[in-house]
Amino acid sequence: MVQLISRFEKVMVSPELQGTPLGQRVEWLFPKEVISWQLPQLKSSAQLGELSADQYSKSKRTLCILPFPGNFFKRCPGFKKGLACCNYYVLNLGLQCPMDCSYCYLQSYHNTPTTTLYSNIDSAIDELHTMFNENPLSQLRIGTGETMDSLALDSISLHNARLMEFFFDHPKWYLEFKTKTNYVDHLLDLPHRRNVIFSWSLNPQEVIDHEEHLTASLQERLNSARLCADRGFPVAFYLDPLIWHENWKDHYRQLIEQVTTTFEPHEVVQLAMGALRIQPEQRHLMRERFGMESYVTSSELLPCVTGKLRYDSHLRKELYHFVLSEFKARCSGWTISLCMETIQAWKQNYHEMPARIPELRPFFQPSQPAHR
Ligand code: SF4
């Protein structure tokens, strides 16, 4: 895959980071002429308004590194009325992504003209300590891939090694890195207690080529996952978003064949699938940026109960049924849950709510700590 950080044309760093290990690392990684030790004038979201298609694309090539003054820790957006939530928490260490998937939901709300990487990992870890001290018996899963890819910028920040230290000392909590990169090498030899999950969103290479620009190939993702599993890390796969296109059955069948010949069910702690969904607000930006050739911009999507646009329920059912039966045909040990789906979709496809399905129950039980 391409070296993502080499795509930044400008790197603006908070002046207080000059001389710190992170500041020195920036100087080591980037040519002098692209670094500025001044931050842009920060505007409120109301002042910023929406980004044009060009401004949005440019925000992926301009990096801003600064401390984050707010809370890092929050509950996953799946925790909403009308959705079956898998009890997940997120820790956001930045905003925006140097890769460029046509369906990326960041297009629905990202309105700053830069990619932002937060420098103050110590504050994030302090928050984790506070949360743990308030709820010492809790068993949380915490992911860092909601507002950015978990690994795309880690070669700059090295934040993940710090997070892994915390999770090594807190073995009942799970940390999940969600990525579409193959940037795992620097983490493979770090100590862990099998509570650091490396997870990949997977799609057939046809869909990757068409819709997931600048991401790792399917084979690179699977190779990286194999490396992680061989070092004892749990791995997870999300066939998400499932995207309808011509010959989709052949392409997804081939993908499932690759997954099931590379992994045994017991090596994959979570396998989930979710059909394409987007926020209505992102549609015009997507069409401007990717045209109507994209499988996503050209598809018919209808509003559902949560306000998102999705395929109609018959097509979703067909997609889910196909994926589920292809996995089960290869080995009955594969268990697949739905990702960010409505309660109706669970009932339609599984005839049960997830908390009542024994093998999925652990992921859907209410967690003990209160949401902050
Ligand atoms: S990898 Fe994830 S965050 Fe990055 S562009 Fe794709 S969907 Fe968005």
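What comes next concerns the included structure. (Residues numbered from 1 in each chain as written. Predicted model: local features only at pLDDT ≥ 70, side-chain atom pairs only at ≥ 80, totals over all residues.)

### A closer look at the environment of V90
Point 1. Tracing the sequence through the fold places V90 in strand β5 (residues 88-91).
Point 2. Along the primary structure V90 and E176 are separated by 86 residues, whereas in three dimensions their C-alpha atoms are 9.2 Å apart. (Helix = DSSP H or I, 4+ residues; strand = E, 2+ residues; numbered from the N terminus.)

### Some thoughts on the sheet that holds strand β15 (residues 277-278)
Point 1. On the basis of which strands lie adjacent, the open sheet formed by three strands has the order β15-β17-β16 and antiparallel pairing. The two strands at the open ends of the sheet, each matched to only one other strand, are β15 and β16 (302-303). (Pairing = 2+ DSSP bridges.)

### Quick word on the environment of A216
Point 1. Take A216: it is sitting in the loop between β12 (212-213) and α8 (218-230).
Point 2. The spatial distance from the C-alpha of A216 to the C-alpha of M1 is 5.0 Å, given a sequence separation of 215 residues.
Point 3. Setting aside anything within four residues of it in sequence, one finds A216 in contact with M1, K180, T181, N182 and R221. (Contact = placed C-beta atoms within 7 Å.)

### What to know about the site of the ligand
Point 1. Contacts to the ligand come from C97, M99, D100, C101, C104, L106, D149, K180 and T215.
Point 2. Residues of the shell around the ligand, tallied by class, amount to five nonpolar, one polar and three charged. (Near = placed C-beta within 6 Å. Nonpolar A, V, L, I, M, F, W, Y, C, P; charged D, E, K, R; others polar.)

### With respect to the packing of α8 against helix α9 (residues 248-262)
Point 1. In contact at an axis separation of 11 Å, α8 and α9 are set at 20 degrees when each is read in the N-to-C sense. One way to sum up the angle between α8 and α9 is to call them roughly parallel. Along this stretch, α8 crosses α9, giving a crossing that reads as right-handed. Side by side, α8 and α9 meet where L218, L222 and R226 of the first sit next to L255, Q258 and T262 of the second. (Axes fitted to C-alpha atoms, helices over the stretch in contact; angles between N-to-C directions. Parallel < 35°, antiparallel > 145°, perpendicular 65-115°, else oblique. Left-handed = near helix turned anticlockwise from the far one by under 90°.)

### A few points about the nonpolar core
Point 1. Among the nonpolar cores identified, the biggest contains 80 residues, and F198, L202, F237, L242, M273 and V323 are the most heavily contacted of them.
Point 2. Ignoring sequence-local partners within four residues, the contact set of V323 consists of L239, L242, Y252, I256, M273 and I336. (Core = buried A, V, L, I, M, F, W, Y, C linked by C-beta atoms within 7 Å. Buried ≥ 20, exposed ≤ 12 C-beta atoms within 10 Å, placed from the backbone.)

### Focus on the sheet that holds strand β2 (residues 35-36)
Point 1. As summarised here, the arrangement of the five strands in space is β2-β1-β3-β8-β6, forming an open sheet in which the pairing is mixed. The open sheet is flanked by β2 and β6 (94-95), the only strands paired with a single partner.
Point 2. Bridge analysis of strand β3 (residues 62-66) against strand β8 (residues 115-118) gives four bridges, and the strand direction is parallel. Its bridge partner being in β8, L63 is matched across the sheet by T115.
Point 3. Here helix α1 (residues 21-29) sits on the sheet and contacts β1 (10-13), β2 and β3; the angle it forms with β1, its principal contact strand, is near 165 degrees.

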